[in-house]
Amino acid sequence: MASMLLSRQLTCSLQQNCRLFACGHRLISQTAAKIDVDFDYDGPLMKTEVPGPRSRELMKQLNGIQNAEAVHFFCNYEESRGNYLVDVDGNRMLDLYSQISSIPIGYSHPSLIKLLQQPQNLVLVGPHGQLMEINSSWSGQSTFVNRPALGILPPENFAEKLKESLLSVAPKGLQQVITMSCGSCSNENAFKAIFMWYRNKERGNNNVTKEELETCMINQAPGCPDYSILSFMGGFHGRTMGCLATTHSKAIHKLDIPSLDWPIAPFPRLQYPLEEFVKENQQEEARCLEEVEDLIVKYRKKKRIVAGIIIEPIQSEGGDNHASDDFFKKLRDIARKHGCAFLVDEVQTGGGCTGKFWAHEHWGLDDPTDMVSFSKKMMTGGFFHKEEFRPNAPYRIFNTWLGDPAKNLLLAEVINVIKREDLLNNATHAGKALLAGLLDLQTRYPHLISRARGRGTFCSFDTPNDATRNKLIAVARNKGVVLGGCGDRSIRFRPTLIFKDHHAHLFLNIFSDILADFK
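Cut-off values and rules
Residues numbered from 1 in each chain as written. Predicted model: local features only at pLDDT ≥ 70, side-chain atom pairs only at ≥ 80, totals over all residues. Heavy atoms only, no water. Helix = DSSP H or I, 4+ residues; strand = E, 2+ residues; numbered from the N terminus. Buried < 20%, exposed > 50% of the residue type's maximum accessible area, 1.4 Å probe, protein only. Contact = heavy atoms within 4.5 Å. Areas by Shrake-Rupley, 256 points an atom, 1.4 Å probe, with all protein chains shown as cover. Salt bridge = Lys/Arg side-chain N within 4 Å of Asp/Glu carboxyl O. Lys, Arg positive; Asp, Glu negative; His and termini not counted. Polar contact = N/O pair within 3.5 Å; in protein donor to acceptor, adjacent residues only side chain to side chain. Phe/Tyr/Trp six-rings, centres within 6.5 Å; stacked < 30°, edge-to-face > 60°. 1 Å grid on protein atoms, 1.4 Å probe; cavity = no way out; pocket = protein on both sides within 12 Å on 5 of 7 lines; lining within 4 Å. Points joined across faces, edges and corners; volume = space filled by probe spheres on them. Axes fitted to C-alpha atoms, helices over the stretch in contact; angles between N-to-C directions. Parallel < 35°, antiparallel > 145°, perpendicular 65-115°, else oblique. Left-handed = near helix turned anticlockwise from the far one by under 90°. Pairing = 2+ DSSP bridges. pLDDT = per-residue confidence, 0-100. Arc of directions from axis to C-beta. Disulfide = S-S within 2.5 Å.

Trainee: Would you mind going over the overall build of the protein in detail, with residue names and values included?
Mentor: Of regular secondary structure, the protein possesses 17 helices and 16 strands. By the burial criterion, 54% of the 519 residues in the protein qualify as buried. Restricting to contacts in the protein with at least 6 residues of sequence separation, those with at least 24 account for 71%. When the accessible surface of the protein is totalled, it reaches about 23,700 Å², and 53% of it is carbon and sulfur.

Listed below in structure tokens is the structure:
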């Protein structure tokens, strides 16, 4: 099946490509160059409105089973490839959202399909449906067929494969890693590791007491100490119970859910253009840092000690809010000063989209962060941590699967592609083209676009209000471009790492038309 899929994708008809709408634009950017990725389409091709009739039919079916009101449209992933997402109605769209920032090297990348075609990775089906040529290699099909409970029964080469994948791109100073299945459970378990670390500091070399063992079973101190994690207004760290206490981006995430009294600091609200508001932005960041320290002291007096601080390098769901490298350096200093763990949430920013593999590498920290959580483009979830945060007993950080070794296999190949094709530099280069175009559009249509900003391809801009933002996204989708919203009025860009200059120019030309005709 994999070979059939690859063949179908690599031999897509030239007739379709020739029917693309590639002319007639009010050009504000360079003409889109000829594609240079052999598995990419060369432009959008729209056949119906989006969602089309088939998508609407499937939405109705799904909504009878579960609430499907968030579904945009249904996809044909067999025909999707490169930077293009194809829906079930045959519409081909340039995808600048990439499954909420989670497709690293494009749809149906030949290297990943080739990986699955390797004999040791194939599961062949016989004429009567039986499995054939089963091989016990960890890197083979047994990884896909038999998902192991990694905490108790890992496959033979698990440590070796972690070294080839996650540890080959580990952030500076963090050579310990625990894998998880998603971003929320990555942060949730990172919180637990922070609390265990902090309690062990307080306990010193003393053993756990009988009272602690008994009181933890009834949710009481001292077995359940009243610790907290400091987070920032506008942050998003997941939808599980502990993570929700640190998530402050949209009310719909938190409404009706009991939460914890944990401190919430203001995140800097920078003014743009940055070069025109240097003093004002420095004052804003200083105000926020002062509030962080005040909250740590306040909660210590309330006997709800701040054991850790969590922050995103760029607040993503909350509106693509940026801060200076100096702000993060000073925040790291505050965490160290007050004995708090410093956890950087790279679930959305990690994996290369900002031009460095980890966005916090831009900060130039002298003392590495204590923890980095990841998911999305990393194919699997989890968190890196310093040695001192290592659980001191089995089952303390644990669940049935603890990630998925099949995803580590795919990640190792993704990392190979990133290195081989120099995709970090590509993200920097393509990001400059995208941001330059957005800034140009901002000068042309200041009533529709403001605060254009970004790092690498991790770009965004603000619209006047939520209604305008949603309408622009809908119009763009019907013109063959998939965009995403964030915050209360921002549009964000989350393309794949194989998004290149010519994709940026193609988008900018299409979007220029949209803005010129927008009412």
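Trainee: How would you sum up the environment of Ile257? Please name residues and give values.
Mentor: Considering the arrangement of structural elements, one finds Ile257 in the loop between α11 (251-254) and β7 (264-265). Linking Ile257 and Ala245, residues twelve residues apart in sequence, is a C-alpha distance of 9.7 Å. Contact partners of Ile257, with chain neighbours within four places excluded, come to Met241 and Leu244.

Trainee: Please give an account of the pattern of salt bridges that cites residues and values.
Mentor: Under the defined criterion, the tally for this structure stands at 29 salt bridges. With a shortest N-O distance of 2.7 Å, Asp466 and Arg469 are connected by a salt bridge. Note that Asp466 and Arg469 are positioned in helix α16 (residues 466-478) at a spacing of three residues, about one turn of the helix. Connected through salt bridges with shared partners, the residues Arg332, Asp333, Arg336, Asp367, Asp370 and Lys386 form a single ionic network.

Trainee: How would you summarise the side chain of Asp95 if you had to cite specific residues and measurements?
Mentor: Relative to the assigned elements, Asp95 resides in strand β2 (residues 92-95). One buried charged residue, Asp95, remains without a salt bridge, the closest side chain of opposite sign being Arg477 at 8.9 Å. Only 2.5 Å separates the side chain of Asp95 from the side chain of Tyr107, close enough to count as a polar contact. Setting aside chain neighbours within four positions, we find Asp95 in contact with Asn83, Leu85, Tyr107, Val482 and Pro495.

Trainee: Lay out the packing of aromatic side chains in plain terms, naming residues and giving numbers.
Mentor: Considering all chains together, one arrives at 23 aromatic pairs under this definition. Taking 6.0 Å as the distance between ring centres and 70° as the angle between the ring planes, the aromatic pair formed by Phe267 and Phe327 counts as edge-to-face. Highlighted residues: Phe267 in the loop between β7 and α12 (278-301) and Phe327 in helix α13 (residues 325-337), separated in sequence by 60 residues. The interplanar angle of 55° and the centroid separation of 6.3 Å between the aromatic rings of Trp358 and Phe374 together place this pair among those described as tilted. Separated by 16 residues along the polypeptide, Trp358 in the loop between β9 (341-345) and β10 (371-374) and Phe374 in strand β10 bring together distant segments of the chain. Judged by its relative accessible area of 0%, Trp358 is buried.

Trainee: Give a description of empty space enclosed by the protein that names residues and reports values.
Mentor: Counted according to the given criterion, the structure contains one cavity of 30 Å³ or more. Taken as a whole, the largest cavity encloses approximately 30 Å³ of empty space. Along its surface, the largest cavity is lined by Pro268, Arg269, Leu270, Tyr272, Asn321, His322 and Arg451.

Trainee: So what's going on with the packing of α12 against α13? Which residues, and what values?
Mentor: Two numbers describe how α12 lies on α13: the axes approach to 11 Å, and their chain directions differ by 15°. What the angle tells us is that α12 and α13 run roughly parallel. Judged by the sense of rotation from one axis to the other, the crossing of α12 with α13 is right-handed. Within the contact between the two elements, α12 uses Glu285, Cys288, Leu289, Val292, Glu293 and Ile296 and α13 uses Phe327, Lys330, Leu331, Ile334 and Lys337.

Trainee: Describe the sheet that holds strand β1 (residues 84-86), and please don't skip the residues or the numbers.
Mentor: The strand order β1-β2-β14 describes an open sheet built from three strands, whose pairing is mixed. Looking along the sheet, the strands with just one partner apiece sit at the ends: β1 and β14 (481-482). Sheet topology places β2 next to β14; two bridges connect them, and they run parallel. Residue pairing for β14: Asp95 is matched across the bridge by Val482. Seen against the sheet, helix α17 (residues 501-517) touches β1, β2 and β14 and runs at an angle of roughly 110° to β2.

Trainee: Please give an account of the side chain of Glu312 that cites residues and values.
Mentor: Mapping Glu312 onto the fold places it in the loop between β8 (306-311) and α13. Here Ser316 takes part through its backbone nitrogen, which lies 3.3 Å from a polar atom of the side chain of Glu312. Each residue touching Glu312, except ones within four places of it in the same chain, is listed here: Gly234, Gly235, Phe236, His237, Phe328 and Asp345.

Trainee: Tell me about the confidence of the model for the protein, residues and numbers included.
Mentor: Looking at the protein, pLDDT values average 91 and 88% of them are 70 or higher. Every residue in residues 123-127 scores below 50 in pLDDT, and together they form ten contacts with partners more than four places removed in sequence or on other chains. In this model, residues 129-139 is a region of pLDDT below 50 whose contacts with residues beyond four sequence positions or in other chains number 27 contacts.

Trainee: Which residues make up helix α3 (residues 53-63), and what values do they have?
Mentor: Buried within α3 we find Ser55, Leu58 and Met59. Here the buried residues of α3 occupy an arc of 110° about the axis, which is enough to place them on one side.

Trainee: How would you explain the state of the cysteines if you had to name every residue and give the values?
Mentor: Following the criterion strictly, the structure yields zero disulfides and no others. The closest cysteine sulfur to the non-disulfide-bonded Cys182 is located on Cys185, 3.3 Å from its own sulfur.

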